[in-house]
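Working through the structure, step by step
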Amino acid sequence: LPEPAVMESKSDQHSDDGALLKSQTTPISPVSTTASLKRVGCQSRPMPTSISFEGCGAAISYHLGVIESLYQTYGQEALSKSNMKFMGTSSGSIAALVVALGLDVAKWKDRMFTAWEPMGFFFQADRYVGNIISEILQEAGEDAFNRLDDRLYISITKFFNRNVVKSKWDSNSDVKRFVLASCFIPVVMLRPMWVGHCFAVDGGFSNNYPRLEGKQTVLVSPSRSAGSEIKPELKLRFRDLIGSPKKDRFYELWTVGIENGLDYFQPAAEHRLRVGADAPQPVQTACGRCYFWAMRQPCCMCTRLFLFWIILFTQVFLTAGLRQLES
């Protein structure tokens, strides 16, 4: 049989305005297993003390692929027994929860796609996301929260723009509430989360890539954030981040996440991918270019956060009014 083609690419092929430029990367066909990956050599980096998964919406499969590369490099059991810290924001907090509990990431990758495919966009995500979080904690057991103290760090945003990172857990429901709060975006989700004495929204508004002070934290960034250690060759499309995931793209990002993770954790090894010539090349739309440009402008971020809080409180009042009318 012929040898699988080796992926060739140029590094950092991005313009300053966040546009996705043409690449020489041969597109990767979506696969649901890791059988297409071959490793030559066993040298790897020392196990990191902490790893942070940034918020990336429906592109969570990239994070899960990186976790699979962690398992392949250090061993799932060894990782579960280690003192490694896992940090996450928004959908990255769900990935951090899976690896912090030492669960089978390939299984949960398939489960997330099956559960989220019919999700849609408006006022539904909290139900679908909440169900997945409940299933994860249920599989881990009633005492799962005891294994997460000082191991799982979740970033949320409290009014107006105050970042809170929690690492102490009182119960499984406490974990679920904080992970949901870290994922909450008005309009996309219906029921806002109440944390402490105020509402909380997506942690990405105040700190999308939390790091531990005084420790080297490996940042996993599907959107190629500045300072990230593990990132794809190409910036994600705007469509990859919002709404329900598309099957081909979801599994493609899983495969790319494994490859990028192995490249980082095993820099002395050679990794090969089975390349699919028929896979479409991702193209950034004008909307996507505007979005990524706006995310780098402080005034745009502040305006977006202000509007989101207005929408959140509007949702609260409307929901309360409807409930009162029904009663």
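Since this is a predicted model, take the numbers as computed values, not measurements. Throughout this document, residue positions are counted from 1 along each chain, in the order its sequence is written. Residue-level local features of this predicted model are given only where pLDDT is at least 70; pairs of side-chain atoms are given and counted only at 80 or more, and the full residue set underlies all totals for whole chains, interfaces and linings. Hydrogens and water molecules were not included; the side-chain quantities draw on all heavy atoms of the structure.

1. Structural notes on helix H5 (residues 125-140)
The terminal C-alpha atoms of H5 lie 23 Å apart, and with 16 residues this matches the ideal 22 Å at 1.5 Å per residue to within 8%. When H5 is considered as a whole, its buried residues turn out to be Ala125, Asp126, Tyr128, Val129, Gly130, Ile132, Ile133, Ile136, Leu137 and Ala140. Residues of H5 that are buried in the fold lie against helix H3 (91-100), helix H4 (105-116) and helix H6 (172-183). Secondary structure follows DSSP: runs of H or I at least 4 residues long count as helices, runs of E at least 2 residues long count as strands, and numbering of each begins at the N terminus. One or two positions beyond H5, positive phi appears at Gly141, with a value near 105°. Working rule for helices: expected span equals 1.5 Å times residues minus one. Exposed residues in this analysis have more than 50% of their type's maximum accessible area, buried residues have under 20%, and partly exposed residues fall in between, with area computed by a 1.4 Å probe over protein chains only. In what follows, residue pairs with any heavy atoms lying within 4.5 Å of each other are defined as contacts.

2. With respect to the pairing of strand S4 (residues 152-158)
In terms of burial, S4 is largely enclosed, as seven of its seven residues are buried. Inspection of the sheet shows strand S3 (residues 85-89) paired to S4 by four bridges, in the parallel sense. Following the sheet pairing, Thr89 is matched in S4 by Ser155. In this sheet, strand S5 (residues 162-166) lies alongside S4 in antiparallel orientation, the contact comprising five bridges. Each residue of the ladder has a partner; that of Ile156, found in S5, is Val164. Any two strands with at least two DSSP-identified bridges between them are counted as paired. The turn joining S4 and S5, which pair antiparallel and follow one another in sequence, is formed by three residues. Direction of pairing for S4 relative to strand S7 (residues 198-202): antiparallel, over a ladder of three bridges. Considered in S7, the bridge of Ile156 is made with Asp202.

3. Some points on the packing of helix H1 (residues 60-74) against H4
As a rule, the C-alpha atoms of each element are fitted with a line to give its axis, helices using only the stretch in contact, and angles between N-to-C directions run from 0 to 180 degrees. Taken N-terminus to C-terminus, the directions of H1 and H4 make an angle of 170°; their axes are 9 Å apart at the nearest point. With respect to H4, the element H1 is oriented roughly antiparallel. Touching Ile60, Leu64, Ile67, Glu68 and Tyr71 of H1 are Val105, Lys109, Met112 and Trp116, all from H4. Nonpolar residues are Ala, Val, Leu, Ile, Met, Phe, Trp, Tyr, Cys and Pro. Charged residues are Asp, Glu, Lys and Arg, and all others, Gly as well, are polar. Class assignment of the residues belonging to the contact of H1 with H4 gives a composition of seven nonpolar, no polar and two charged. Geometric relationships in this document are graded by angle, where less than 35 degrees denotes roughly parallel, more than 145 denotes roughly antiparallel, 65 to 115 denotes roughly perpendicular, and other angles denote oblique.

4. Remarks on the pattern of salt bridges
Think of a salt bridge as a Lys or Arg side-chain nitrogen and an Asp or Glu carboxyl oxygen that are within 4 Å of each other. Here the structure, examined in full by the defined rule, presents eight salt bridges. A salt bridge links Asp174 to Lys166; the shortest N-O distance between them is 3.6 Å. Pair check on accessibility: Asp174 and Lys166 agree, each one buried. One salt-bridge network, in which partners are shared between bridges, spans Lys166, Asp174 and Arg177.

5. With respect to the environment of Pro210
Along the polypeptide, Pro210 turns up in the loop between S7 and strand S8 (217-220). A relative accessible area of 1% means that Pro210 is categorised as buried. Separated by 122 residues in the primary sequence, Pro210 and Gly88 have C-alpha atoms spaced 7.0 Å apart.

6. Some details on a nonpolar patch on the surface
On the surface, a cluster of nonpolar side chains totalling about 280 Å² of accessible area is made up of Phe306, Leu307 and Ile310. Take Leu307: it is sitting in helix H9 (residues 298-326). Patch members must show over 30% relative accessible area and no salt bridge, and they are joined within 9 Å when carrying like charges or within 5 Å when they are nonpolar side chains of Val, Leu, Ile, Met, Phe, Trp or Tyr. Computed by Shrake-Rupley with a 1.4 Å probe, the accessible areas treat only the displayed protein chains as cover when residues are assessed.

7. A word on the environment of Thr314
Mapped onto the elements, Thr314 comes out in helix H9. From its side chain, Thr314 meets the backbone oxygen of Ile310 in a polar contact 2.8 Å long. Any pair of nitrogen or oxygen atoms within 3.5 Å is treated as a polar contact; in protein, a donor-acceptor pairing is required on top of that, and neighbouring residues in sequence qualify only through side-chain atoms on both sides.

8. Things to note about the nonpolar core
Among the nonpolar cores identified, the biggest contains 79 residues, and Ile51, Met112, Trp116 and Ile136 are the most heavily contacted of them. A per-element tally of this core places helix H7 (residues 247-265) first, with nine residues. Not counting chain neighbours up to four residues away, the residues in contact with Ile51 comprise Val66, Leu70, Met84, Lys85, Phe86, Met87, Thr217, Val218, Val220 and Phe265. To form a nonpolar core, buried Ala, Val, Leu, Ile, Met, Phe, Trp, Tyr and Cys residues must be joined to one another through side-chain atoms within 4.5 Å.

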